[in-house]
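# Results of the structural survey
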There are 4 protein chains.
Amino acid sequence: MAEVVGIAGEQLRQFVARIERLEEEKAALTADIREVYAEAKGNGFDTKVLRQVIKLRKIDKAERQEMDAILELYLEALGMMAGGGGEE
Amino acid sequence: MAEVVGIAGEQLRQFVARIERLEEEKAALTADIREVYAEAKGNGFDTKVLRQVIKLRKIDKAERQEMDAILELYLEALGMMAGGGGEE
Amino acid sequence: MAEVVGIAGEQLRQFVARIERLEEEKAALTADIREVYAEAKGNGFDTKVLRQVIKLRKIDKAERQEMDAILELYLEALGMMAGGGGEE
Amino acid sequence: MAEVVGIAGEQLRQFVARIERLEEEKAALTADIREVYAEAKGNGFDTKVLRQVIKLRKIDKAERQEMDAILELYLEALGMMAGGGGEE
DNA sequence: ACTTTTTATAC
DNA sequence: GTATAAAAAGT
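Note that the structure is predicted; figures quoted are calculated from it, not measured. (Residues numbered from 1 in each chain as written. Chains lettered and ligands numbered in written order. Predicted model: local features only at pLDDT ≥ 70, side-chain atom pairs only at ≥ 80, totals over all residues. Heavy atoms only, no water.)

So, about the protein's contact with DNA strand E. The full set of residues close to DNA strand E is Arg34(C), Lys41(C), Arg34(D), Lys48(D) and Arg51(D). Sugar and phosphate atoms constitute 92% of the interface atoms of DNA strand E, taking the interface as everything within 4 Å of the protein. With respect to DNA strand E, the side chain of Arg34(D) contributes an N or O atom lying 2.7 Å from a phosphate oxygen. For DNA strand E, a phosphate oxygen lies 2.9 Å from a polar atom in the side chain of Arg51(D). Listing elements by their share of the surface near DNA strand E, those giving two or more residues are helix 1 (6–42) of chain C together with helix 2 (47–77) of chain D. Partitioning the surface near DNA strand E into residue classes produces no nonpolar, no polar and five charged. (Near = heavy atom within 4 Å. Polar contact = N/O pair within 3.5 Å; in protein donor to acceptor, adjacent residues only side chain to side chain. Helix = DSSP H or I, 4+ residues; strand = E, 2+ residues; numbered from the N terminus. Nonpolar A, V, L, I, M, F, W, Y, C, P; charged D, E, K, R; others polar.)

Okay, structure coming up:
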């Protein structure tokens, strides 16, 4: 019965291993980020404010990208894009 | 055995009914929104652009609120708020 | 250049306003639903279970409607439908 | 008024930079994980099942760690632990 | 523990 | 590609 899951089983094992490895690294980064906040706090910064700053900068960035996307859409709609997409 | 679920069962029934009622209303609004997009499309607007506009305005609004929150936090941090907290 | 967006601009403004209005109402309903779950929780119900109940009933309902649709198709195929409404 | 934020400002800038760097790496890992799932799907695996497998293994692992922790506590209580750490 | 935000799935 | 539901993160 072991043969039934042979090759697929091995492949599955590898996918699971890769995902778990990446998730470990991700968890480590989450921990690192938490540490930086702790260090900032130790230097007198209000972590709540710091988190807000990070969040706001993220929103700003997203907004800039949105605006670029809208501009592109308008140009597209106006037929002014040279080799852009246009396919639906 | 019916008595076992008597009172709790009736309460559950009512919670379920209330939630389902609200979800129906919500679904109706989703349909309404879809119709407005369809109408806009019928008037020559690109719904993709329109959705971007709505999304951008939402981000703008959120950003404004974020900025207000940060300002408050800074003022608080500077001890300029009358009854503010500061405890962590 | 203001004229370029004149009429279309006004129309766009109105579509945006209508969509935003509807989305606000929808958000309010989402909040209401959340409150009902909170109230249920306060009465000792497990919200996770409650959500499952709602979901199951939704699936059941969809299945029932599918069965009704199939029944209708059969009746139609048999030429037994008058032509009356029933549609929503 | 620029001096007010001088040194603290520079420090803040650095904390922000470090956090944003780490968050970028984290986002990259999220994307990598997504890709692995996509690759697994391309090899015929059901991603939903795969995600469940990962989740179950995570729970199992947590349980094993809990059991290890309990074992440690017992050993400790029995005075059989040298003095090794374990505390964080 | 609770809420909010993000992420994934289903349509 | 959008909407809803589940998961993760922050407070």
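We now examine a negative patch on the surface. There is a patch of like negative charges on the surface, built from Asp46(A), Asp68(B), Glu72(B) and Glu76(B). Its location among the elements puts Glu72(B) in helix 2 (residues 47–77). (Patch = residues over 30% accessible without salt bridge, like charges linked within 9 Å, V, L, I, M, F, W, Y side chains within 5 Å. Areas by Shrake-Rupley, 256 points an atom, 1.4 Å probe, with all protein chains shown as cover. Salt bridge = Lys/Arg side-chain N within 4 Å of Asp/Glu carboxyl O. Lys, Arg positive; Asp, Glu negative; His and termini not counted. Charge placed at Lys NZ, Arg CZ, Asp CG, Glu CD.)

Quick look at the UniProt feature "domain: GapR-like DNA-binding" (unreviewed entry) in chain A now. Those residues carrying the UniProt feature "domain: GapR-like DNA-binding" (unreviewed entry) are residues 9–79 of chain A in this numbering. Between the first and last C-alpha atoms of residues 9–79 of chain A the distance is 52 Å; the span itself is 92% helix and 0% strand. (UniProt positions renumbered as here; feature names shortened; annotations may be inferred.)

A few words on the domain arrangement of chain A. Interface size is commonly expressed as the accessible area that is lost once the parts come together. Residues and elements named next belong to chain A. Considered domain by domain, chain A is made up of domain 1 (1–45) and domain 2 (46–81). Placing the centre of domain 1 and that of domain 2 at their C-alpha centroids yields a distance of 30 Å. The partner domain 2 presents five residues to the five residues of domain 1 that form the contact. Taking both sides of the interface into account, the surface hidden between domain 1 and domain 2 amounts to around 490 Å²; carbon and sulfur atoms contribute 66%. At the junction of domain 1 with domain 2, the criterion picks out zero salt bridges. (Domains from an automatic or database assignment. Contact = heavy atoms within 4.5 Å. Buried area = accessible area lost by both parts, 1.4 Å probe.)

The next point concerns the UniProt feature "coiled-coil region" (unreviewed entry) in chain A. Cross-referencing UniProt, the feature "coiled-coil region" (unreviewed entry) maps to residues 5–39 of chain A in the present numbering. In residues 5–39 of chain A, the share of helix is 97% and the share of strand is 0%. The end C-alpha atoms are 49 Å apart.

A few words now on the interface of chain A and chain D. Between chain A and chain D, the contact holds 28 residues from the first and 28 residues from the second. Contact between chain A and chain D buries roughly 2,900 Å² in total, counting both sides, with carbon and sulfur atoms accounting for 72%. Here chain A is connected to chain D by six salt bridges. Residue Glu23(D) is joined to Lys58(A) by a salt bridge in which the shortest nitrogen-to-oxygen separation is 3.5 Å. For the interface between chain A and chain D, the tally reads six residue pairs in polar contact (both at pLDDT 80 or more). Elements with a contribution of two residues or more to the side of chain A that touches chain D: helix 1 (6–42) and helix 2 (47–77) of chain A.

The next point concerns the interface of chain A and chain B. Facing 16 residues of chain A, the contacting portion of chain B comprises 16 residues. Carbon and sulfur atoms supply 67% of the area buried between chain A and chain B, which totals about 1,600 Å² over both sides. Between the two partners, chain A and chain B, sit two salt bridges. Here Lys55(A) ties to Glu66(B) by a salt bridge, and the two come within 3.8 Å at their closest N and O atoms. The interface formed by chain A and chain B holds zero residue pairs in polar contact (both at pLDDT 80 or more) in total. Counting residues per element, the side of chain A that touches chain B draws most heavily on helix 2 of chain A, at 15 residues.

This part is about the pattern of salt bridges. The full count for this structure, using the stated rule, is 22 salt bridges over all chains. Arg18(B) is paired through a salt bridge with Glu39(C); the nearest N and O atoms lie 3.0 Å apart. Taken as a pair, Arg18(B) in helix 1 (residues 6–42) and Glu39(C) in helix 1 lie in two separate chains rather than in one.

All right, on to the relation of the copies chain A and chain D then. Overlaying chain A on chain D yields an RMSD of 0.9 Å, the required transformation being a rotation through 178 degrees with an accompanying axial translation of 0.3 Å. Accordingly, the operation relating the two chain copies is best matched by a two-fold axis. When each C-alpha of chain A is compared by its distance to the rotation axis, Lys26(A) comes out closest, at 2.9 Å. By residue overlap, the copies meet face to face through one surface: 96% of the interface positions of chain A are interface positions in chain D. (Least-squares fit on C-alpha atoms with pLDDT ≥ 70 in both.)

Around DNA strand F, the surrounding shell consists of Arg34(A), Arg51(A), Thr30(B), Lys48(B), Arg51(B), Lys26(C), Lys55(C), Lys58(C), Lys55(D) and Lys58(D). When atoms of DNA strand F within 4 Å of the protein are sorted by moiety, sugar and phosphate together comprise 100%. The contact in question runs from a phosphate oxygen of DNA strand F to an N or O atom on the side chain of Arg51(A), over 2.5 Å. Here a phosphate oxygen of DNA strand F sits 2.8 Å away from a polar atom, N or O, in the side chain of Lys58(C). The set of elements that each furnish at least two residues to the surface near DNA strand F consists of helix 2 of chain B, helix 2 (47–77) of chain C together with helix 2 of chain D. By residue class, the composition of the surface near DNA strand F is no nonpolar, one polar and nine charged.

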